[in-house]
Structures are given as structure tokens and as C-alpha cells.
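Observations on chain architecture
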Amino acid sequence: MNQLLLNIENYVFNLFKDNLSLDFTYHNFMHTVKVVEAIKTLCAEEEISTDLQEKLLIAGWFHDTGYTKIVQGHENESANIAKQYLTEHSFDENYINEIQDYILITTINRAPKNIGEAIVKDADNYHLGQVEYPKISELLRDEISKICKKEFSDYEWHLENRNFFLKVHHFYTDSAKKLWQKGKEENLIYTQNKIKEIELIGDIPNKYELKKKKNDKIQQPERGVDTLFRVTLNNHTRLSDIADSKANILLSVNAIVISIALSTLVPKLGSPKNEYLLLPSIVMLLSSVVSIVFAILATKPNVTYESFNEEDVKNKKVNLLFFGNFYQMSLDAYEEAMQELMKDRDYLYNSMTRDLYYLGKVLERKYRLLSITYTIFMIGTILSVLTFAYAMITNVA
């Protein structure tokens, strides 16, 4: 990096540090650094001359400095800040005007007229093609909420992003298309899937509710009830994970105890002078084996399967949310049944309730067996220690 660009980087860093609110969670120095790196990447791909690359990098460093003073129209303010800095450092007017043009091209509705403007424009939107796009998008959403005092529901935010993907943005340079277009398309699919998920559960603001057909009986689940089911399901899942983790810990500990005993202790029991260790060893090994058996039972899948016929499906007596019920159905039959499920709120809630009930039954069994396992392990450990102590005292006596 030449000294000019290094000086500008330091200037912009200090400008943001001293004047930019921490509420700018997206348009900050880190975003500027990423845009500058994107400009370098595109310049290398497009084989841009050194002189032009320097101008584009200067524009990249200054392009969001206007946020230190204003939000609306920050591009013009950024151009003014760049002009003031470059004028103070004796750059000629044509050079400064060119830098300002590169900054102003980042205005959302402006189209680039040359390769330099296209590179800056594409670099400013590099994040649309990145794997980290969902996280970056949330940073921008948080910034808008804090700075502009404008709140978006999940549905509204994903709609805004989809609209930007489809109707506003496109990459201009061949290099950006090669590097980021595929990622952008994947992020568009991600956004579309999020919209569909929200529409499926019915968590849609009133002004966005889909128009219903004349005889459509779809009733959207109420938001509070939906939250209840979602939180409860998450709690069930976490509790199940905790139970499995605890059981695995006991399995590992007892497996280690048995391995050490079999490799070091048991071979010595054949000697007459070590016979006093026989009973304690048996107690220890037995408690470890029984603990392992119950730990395995606690982690063993316990799936209940319900038998049903086509009439039961039509009468809505089947829980279609549980794989043990629908795995034998054909795809067409399952899709048709799910369509009916989504149209009937009572049927949907009933299925979700039954799903939670059976998850709870599985959890009860897991924790009951886990409790027994811990009790056996605790009692076995105590008995092992006591019998070892008794054997040692007896042997010494």
C-alpha cells in the first residue's frame, strides 16, 4: 500500500472513531475495509491500471464517511469530505472530481457509466454474494432500527431484501458476476425460503396477509399460540440433548473404569496375596456394567408407531407431524393430507399438541432411566470404596 492510501486509511479510521455513533452496526469502518478489499479484488480481476486503482481505493475509503454527519444524502457529504481532504493535500480539481464521481455512484439508483464506477458499485454490494449475508443483513436491520427508528418484522424485512435482490440490484462487472453472482442467487433462495416459512406458520403482519379464495377456510394460527409451540418444542429438544449428553458422560466414565480394571486390576487377582481385592473389584465392575446398561437404555431411540388407514387420515385422526405415522404414506397422499392440515387450524393445533405430548413421553423415559443410572453409579461408587476400605483393613489386620 502506498503512503497516500495508508494516510487516508488512518484519517478515515479516526474520523469514524471520533464521530460515528456506535448505533451504526453496518455502515462503519469494518464495512469500509471490506469494500476496499472488494475493490482490490475486482481491480485485480479486471486488470485495472495502478493509477485508476488508486482513485477507486480512495473513493472506497471515503464512500461512507458522510454517515459521520448525515444519513439521508450521505453520499454527497462523503464526496464533500473527500474533496476537503484531497484539496488540503494539493490534488488538482480534475482528480478530485473523478474521486467524487466514484463516491456518488454508490447512490442506490445510479447506474455506472464506466468500468471504474462499475467496480465501486459492485464492491459496495459485495456482501449480497457472501455466505455471511444473513448475519450482515441483520446488522443493517439493527442499524435502521436504531438510527432511523424504523422497525421491520421478520416478514417485512425478508420482503424488502427479496425486492432489492430482484428489482434493484445487479452486478455490473464480469468479475463480480463470476465471484459473487452464485452466492447472491443462493442468498435470494435463502430469503425466499424464509418468506415461505413465515407464510406457512401464518406470522404475517395484517397489511401483508395473503388474499384468500372465496371458500378458503384457512385460519392463520395466532402469533402467541405459535410462539408457545415453538418455545415448548425448543425446550423439549434442549432437554433431550441434555439427557443424551449426561448419558454419554456416564457411558464414557464407566467404560474407562472397566477398561482400567480389566487391564490392570483383574490380572492381579489371580495372586493369593491379592484375593482380598476380589469382592471390591466385583462390586466396582458390576456397578459400572449396570450403569452402562441403563445409560444405553436412556439414549436408545424409543419411537412409537401408530397404525392407521385412509379413513383415519380423512377423519383427521392422524398426527402427520410425526414421521412414525407418515413414513409409509406415498408422497402424493402425504402432500394432500398436509394441505388439509394447513387449512384447518384446530387440526393443526391438535397435531402439534400430540407431537409435543409424545416428545414429553420420550423425555420422561429418558430422564427416569438417567436418574436410575446416576443412582446406580453413585451407590456403586460408594460401595466400591467401602468394600475396598474394608478389604484393606481386614488384610492389614
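Residues numbered from 1 in each chain as written. Predicted model: local features only at pLDDT ≥ 70, side-chain atom pairs only at ≥ 80, totals over all residues. Heavy atoms only, no water.

Where an unreviewed UniProt entry is consulted, the chain appears under the name HD domain-containing protein, with the organism given as Empedobacter tilapiae.

1. A look at the packing of helix 4 (residues 74–88) against helix 5 (residues 93–104)
The contact between helix 4 and helix 5 brings their axes to 9 Å, and the two run at 155°. It follows from the interaxial angle that helix 4 and helix 5 lie roughly antiparallel. By crossing handedness, the relation of helix 4 to helix 5 is classed as right-handed. Facing helix 4, whose interface residues are E75, N76, S78, A79, N80, A82, K83, L86 and T87, helix 5 presents I96, I99, Q100, I103 and L104. When its residues are assigned to classes, the contact of helix 4 with helix 5 shows seven nonpolar, five polar and two charged. (Axes fitted to C-alpha atoms, helices over the stretch in contact; angles between N-to-C directions. Helix = DSSP H or I, 4+ residues; strand = E, 2+ residues; numbered from the N terminus. Parallel < 35°, antiparallel > 145°, perpendicular 65-115°, else oblique. Left-handed = near helix turned anticlockwise from the far one by under 90°. Contact = heavy atoms within 4.5 Å. Nonpolar A, V, L, I, M, F, W, Y, C, P; charged D, E, K, R; others polar.)

2. So, the environment of F377
As for its position among the elements, F377 is in helix 15 (residues 345–396). F377 sits in the partly exposed class, given a relative accessible area of 25%. Once the C-alpha coordinates of F377 and S288 are considered, the two residues, 89 residues apart in sequence, prove to be 6.8 Å apart. Setting aside anything within four residues of it in sequence, one finds F377 in contact with L250, V253, N254 and S291. (Buried < 20%, exposed > 50% of the residue type's maximum accessible area, 1.4 Å probe, protein only.)

3. As for helix 8 (residues 154–168)
The end-to-end C-alpha separation of helix 8 is 20 Å, in line with the 21 Å expected for 15 residues at 1.5 Å each. Considered for burial, the residues of helix 8 that qualify are Y155, E156, W157, H158, L159, N161 and F165. On its buried side, helix 8 packs onto helix 7 (133–147) and helix 9 (174–201). (Expected span 1.5 Å × (residues − 1).)

4. Side note on the UniProt feature "transmembrane region" (unreviewed entry) in the chain
Per the UniProt entry, the sites bearing "transmembrane region" (unreviewed entry) are residues 247–266, 278–298 and 369–393 in this numbering. Helix and strand shares over residues 278–298 are 100% and 0% respectively, and the end C-alpha atoms of the span are 30 Å apart. Regarding residues 369–393, the helix share stands at 100% and the strand share at 0%, and the terminal C-alpha atoms are separated by 36 Å. (UniProt positions renumbered as here; feature names shortened; annotations may be inferred.)

5. Focus: a nonpolar patch on the surface
On the surface, M378, I379, I382, L383 and L386 cluster together to form a nonpolar patch covering roughly 460 Å² of accessible area. The topology assignment puts L383 in helix 15. The partly exposed category is assigned to L383, whose relative accessible area is 42%. (Patch = residues over 30% accessible without salt bridge, like charges linked within 9 Å, V, L, I, M, F, W, Y side chains within 5 Å. Areas by Shrake-Rupley, 256 points an atom, 1.4 Å probe, with all protein chains shown as cover. Salt bridge = Lys/Arg side-chain N within 4 Å of Asp/Glu carboxyl O.)

6. What to know about the pattern of salt bridges
Overall, the coordinates contain twelve salt bridges when judged by the stated rule. A salt bridge links E77 to K69, with the nearest nitrogen and oxygen atoms 3.7 Å apart. Owing to a relative accessible area of 57%, K69 belongs among the exposed residues under this scheme. One salt bridge in this structure joins E197 and K194, with 4.0 Å as the shortest N-O distance. Taken together, the residues E197 and K194, both in helix 9 and three residues apart, mark about one turn of the helix. On the basis of relative accessible area, E197 is assigned to the partly exposed category, the value being 46%. When salt bridges with common partners are traced through the structure, they connect E138, R141 and D154 into a single cluster.

7. Some thoughts on the packing of aromatic side chains
Inspection of the entire model under this criterion finds eleven aromatic pairs. Between F62 and Y85, the ring centres sit 5.6 Å apart and the planes meet at 50°, which makes this aromatic pair tilted. Pair noted here: F62 is in helix 3 (residues 50–62) and Y85 is in helix 4, with a separation of 23 residues, a long-range link. Judged on exposure class, the residue F62 and its partner Y85 are both buried. Judged by centre distance (5.9 Å) and plane angle (50°), the ring pair of F171 and W180 falls under tilted. Here F171 and W180 have matching classes, each one buried. Chaining the aromatic ring pairs together yields one cluster made of F13, F16, F29 and W61. Over the ring of F171 we find K184, and its NZ or CZ is 5.9 Å from the ring centre. (Phe/Tyr/Trp six-rings, centres within 6.5 Å; stacked < 30°, edge-to-face > 60°. Lys NZ or Arg CZ within 6 Å of the ring centre and 35° of its normal.)

8. Comments concerning the nonpolar core
Ranked by size, the top nonpolar core spans 43 residues in total, and within it I8, I39, L56, I58, F62 and I99 carry the most contacts. Counting residues per element, the ones that place at least two in this core are helix 1 (3–19), helix 2 (29–46), helix 3, helix 4, helix 5, helix 6 (115–124) and helix 9. Not counting chain neighbours up to four residues away, the residues in contact with I58 comprise L4, L5, I8, L86, Y95 and I99. Counting seven residues, the second-largest nonpolar core is a separate cluster that includes L265, L277, M284 and I292. (Core = buried A, V, L, I, M, F, W, Y, C linked by side-chain atoms within 4.5 Å.)

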